[in-house]
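Single-letter residue listing:
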Amino acid sequence: MAKETFKPGTMIYPLPAVLVSCGGSPEDYNLMTAAWVGTLCTDPPMCYVSIRPERHSYGLIKKYGEFVLNLTTEALAKATDWCGVKSGRDLNKWEAMGLHPQPGTVVKAPIVAESPLSIECRVVQILELGSHHAFIAEVVHIAADSRYMDAATGKFDLEAAGLMAYSHGQYYALGERLGHFGFSVKKPGTARKQAAAAGKKRAATAQGKSIAAQKRESAVGQKRQAAAKKRAGAGKPAAAKKQAVAAQKRTVAAKKPAAAAPQKRA
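Because the structure is predicted, anything quoted here is derived from the model rather than measured.

## Some details on the sheet that holds strand β4 (residues 37–41)
So, point 1. The seven strands lie next to each other as β3-β2-β6-β9-β10-β5-β4, forming an open sheet whose pairing is antiparallel. Each end of this open sheet is capped by a strand with a single partner; those strands are β3 (30–34) and β4. Across this sheet, the average inter-strand angle for adjacent strands is 35 degrees, counted without regard to direction.
So, point 2. The sheet contact formed by strand β5 (residues 46–51) and strand β10 (residues 133–144) spans six bridges and is antiparallel. The residue bridging Tyr48 from the neighbouring strand is Ile136, located in β10.
So, point 3. The strands that helix α2 (residues 77–85) touches are β2 (18–22) and β3; relative to β3, the one it contacts most, it runs at about 100 degrees.

This is the structure in structure tokens:
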């Protein structure tokens, strides 16, 4: 195949587009967008983010030695792009984009409440590489949105979060899943068995939700019937009393002697 020749550049795409949150107190909390991020080590868990020294967030991360990598979704696409072209020196990005900072569990830097996954990091080294300086950090805590936790397996379902990727200046939604780690060496039939098991699990989950919904509807119906009976029961004594009073009045009226007719004069 014929190949075109490009000058050396950064062409490792796609990449995650993350919101980097930093600062040590609510007064200086800030956000910036970064795609130059990645994993460095599994044990201990380590990652990095590369930032230009002139960026406002660079000084905050260097000052406090902490930051948070917040994964972004399709719903956060506009906020992610906007936070990458505006400076925290000039305005409050949180307020402008309607995002909400929450205190980190281990670090002073805040997490983004709207992010499905927030990775709290503590800087261990700064590499001054050139246009960007790389903050090498150890992962000290992860905050996961409970909405994407699978109750049956205890696993976090990143696919359901609708994650977003960045590629050569463009943002993209993630596409169809092609396989899982090691699928190429699985024995024939394993994939079908896993798919069947997943289908049964989804069916069981749907059935459980349906049964729960039916129970809720039944409970609501029973409460309504009980309330109606109560109202009907409360009205009966009053109606009976009213009828008794009316009957008594009729009886009294019937017992009264009729008034004598006036006599005419001769």
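Once you've had a look at it, read on.
## A short note on the packing of aromatic side chains
So, point 1. Under the defined criterion, the tally for this structure stands at five aromatic pairs.
So, point 2. Here Tyr13 and Tyr166 contribute two aromatic rings whose centre-to-centre distance is 6.2 Å and whose plane-to-plane angle is 65 degrees, an arrangement assigned as edge-to-face. Of this pair, Tyr13 sits in the segment before β1 (15–16) while Tyr166 sits in strand β11 (residues 164–167); the two residues are 153 residues apart in sequence, bridging distant segments of the chain.
So, point 3. You can call Tyr166 buried: its relative accessible area is 18%.

## As for the environment of Leu40
So, point 1. You can see Leu40 is positioned in strand β4.
So, point 2. Owing to a relative accessible area of 45%, Leu40 belongs among the partly exposed residues under this scheme.
So, point 3. With 96 residues separating them along the chain, Leu40 and Ile136 place their C-alpha atoms 8.4 Å apart.
So, point 4. Sequence-distant contacts of Leu40, that is, excluding residues within four places in its chain, are made with Met46, Cys47, Tyr48 and Ile136.

## Some points on the pattern of salt bridges
Two side chains carrying opposite charge are able to pair once their charged atoms lie near each other.
So, point 1. Taken as a whole, this structure holds three salt bridges when the rule is applied.
So, point 2. Across the pair Arg122 and Glu66 runs a salt bridge whose closest N-O atoms are separated by 3.3 Å. Here Glu66 lies in strand β6 (residues 66–70) and Arg122 lies in strand β9 (residues 117–128), a separation of 56 residues in the sequence.
So, point 3. A salt bridge links Arg177 to Glu159, with the shortest nitrogen-to-oxygen separation between them at 4.0 Å. Here the residue Arg177 occupies a position in the loop between β12 (170–173) and α4 (190–255), and Glu159 occupies one in the loop between β10 and β11, the gap between them amounting to 18 residues.
So, point 4. Residue class for Arg177 comes out exposed when judged on its relative accessible area of 54%.
So, point 5. The class of Glu159 is exposed, set by a relative accessible area of 59%.

## Examining the pairing of β6
So, point 1. Counting buried positions along β6 yields five of five residues, so the element is predominantly enclosed.
So, point 2. Here β6 shows no split at all, with Glu66, Val68 and Asn70 on one side and Phe67 and Leu69 on the other all buried.
So, point 3. Two elements, β2 and β6, share three bridges in a ladder whose sense is antiparallel. Bridged to Leu19 within β6 is Asn70.
So, point 4. Relative to β9, β6 runs antiparallel, the two sharing five bridges. Paired with Asn70 across the bridge in β9 is Ser118.

## Structural notes on unusual backbone geometry
So, point 1. A cis geometry characterises the amide bond from Tyr13 onward to Pro14, with omega recorded as -5 degrees.
So, point 2. Across the junction of Asp43 and Pro44, the peptide omega takes the value 0 degrees, indicating a cis bond.
So, point 3. Structurally, Pro44 can be placed in the loop between β4 and β5.
So, point 4. Of note, the phi angle at His168 is positive, near 50 degrees, even though the residue is not glycine.
So, point 5. Position of His168 relative to the elements: it lies in the loop between β11 and β12.

## Some words on α2
So, point 1. All buried positions along α2 are accounted for by Ala79, Thr80, Trp82 and Cys83.
So, point 2. Those residues of α2 that are buried lie in contact with β2, β3, α3 (93–97), β11 and β12.

## Here's the deal with the nonpolar core
So, point 1. Ranked by internal contacts, the top residues of the largest apolar core, which has 25 residues, are Val20, Val49, Ile61, Phe67, Leu69 and Phe135.
So, point 2. Counting only elements with at least two residues in this core, the list comes to β2, β3, β5, α1 (56–64), β6, β9 and β10.
So, point 3. The element best represented in this core is β9, accounting for four residues.
So, point 4. Apart from the residues lying within four places of it in its own chain, the contact partners of Phe67 are Val20, Ser21, Val49, Ile61, Ala109, Ile119, Glu120, Cys121, Val123, Phe135 and Ala137.
So, point 5. Formed by 10 residues, the second largest nonpolar core is a distinct cluster that contains Trp82, Trp94, Leu99 and Val112.

Calculation notes
Residues numbered from 1 in each chain as written. Predicted model: local features only at pLDDT ≥ 70, side-chain atom pairs only at ≥ 80, totals over all residues. Heavy atoms only, no water. Pairing = 2+ DSSP bridges. Helix = DSSP H or I, 4+ residues; strand = E, 2+ residues; numbered from the N terminus. Axes fitted to C-alpha atoms, helices over the stretch in contact; angles between N-to-C directions. Contact = heavy atoms within 4.5 Å. Phe/Tyr/Trp six-rings, centres within 6.5 Å; stacked < 30°, edge-to-face > 60°. Buried < 20%, exposed > 50% of the residue type's maximum accessible area, 1.4 Å probe, protein only. Salt bridge = Lys/Arg side-chain N within 4 Å of Asp/Glu carboxyl O. Core = buried A, V, L, I, M, F, W, Y, C linked by side-chain atoms within 4.5 Å.

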